Amino acid sequence: MWVESSIPGVIFSRKRFVLASNSPQRIKLLKLMGLSFDVVPHGVEESLYNKRLPPDVLVQYLASLKAGSVAKGLKDVFIIGADTVVLHNNEVYGKPKDEDDARRMLFLLNNSVHEVFSGLCIKELPSENEYVGVALTKIKMKNVSVYELESYVQSGEPMGKAGAYAVQGAGRRFIDRIDGSYSNVVGLPL
């Protein structure tokens, strides 16, 4: 049996799906779509954020690396890899290294507009064909007090989140406007 996908011109067979991530946000988004899938965490070092690649190229590259990193030993599957970064004033923000880094990111994003890029890679096995794309969403953050930002950092929620905030969590109270895909900001453009 074949199923049409939302990717133009692509038809999926009833192959198994594998998510190359253990991100709770990505897992939740795929479940909301009603997709049945296995989770196989990738082994990609995300320190590639330090490279001076444009953010749209970077996230697609990392998404493809993540999908490829879990491919060994799998067959007859579609592997989904994704990566998300924030761009503000020509600086790419990945996940904060520690609370000080989270604090720095949030203070810089405060009362300004930034862009969220998510790269998506769907790798088909055994053919190794790949669909790689990127989504862009613009976010306007409110003017938030130093006390609120510090309290948020202390909550621990910013850790493990690109740009040091979770739009699907308590961080949503800092958002004034979203122009584009909400799920992209969560970490997986649907």
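Model, not experiment: these values are computed from the prediction.

## Here we look at the environment of P54
Logical step 1: Note on placement: P54 falls in the loop between β4 (37-39) and α2 (55-69).
Logical step 2: Each C-alpha atom of the pair P54 and G169 lies 28 Å from the other, and the pair is 115 residues apart in sequence.

## Re a nonpolar patch on the surface
Logical step 1: Residues L53, V57, Y61 and L65 make up a contiguous nonpolar surface patch of roughly 290 Å² in combined accessible area.
Logical step 2: Overall, the relative accessible area of 40% leaves Y61 in the partly exposed class.

## So, the pattern of salt bridges
Logical step 1: Applying the stated rule across the entire model yields 10 salt bridges.
Logical step 2: Measuring nitrogen to oxygen at the nearest pair gives 2.5 Å for the salt bridge that ties D38 to R16. With D38 in strand β4 and R16 in strand β3 (residues 16-19), this residue pair connects regions lying 22 residues apart in the sequence.
Logical step 3: Judged by its relative accessible area of 38%, R16 is partly exposed.
Logical step 4: Shared partners join several salt bridges into a network, and the residues in it are E99, D100, R103 and E150.

Calculation criteria
Residues numbered from 1 in each chain as written. Predicted model: local features only at pLDDT ≥ 70, side-chain atom pairs only at ≥ 80, totals over all residues. Heavy atoms only, no water. Helix = DSSP H or I, 4+ residues; strand = E, 2+ residues; numbered from the N terminus. Patch = residues over 30% accessible without salt bridge, like charges linked within 9 Å, V, L, I, M, F, W, Y side chains within 5 Å. Areas by Shrake-Rupley, 256 points an atom, 1.4 Å probe, with all protein chains shown as cover. Salt bridge = Lys/Arg side-chain N within 4 Å of Asp/Glu carboxyl O. Buried < 20%, exposed > 50% of the residue type's maximum accessible area, 1.4 Å probe, protein only.

Note that all results are geometric; they support no functional claim without further evidence.
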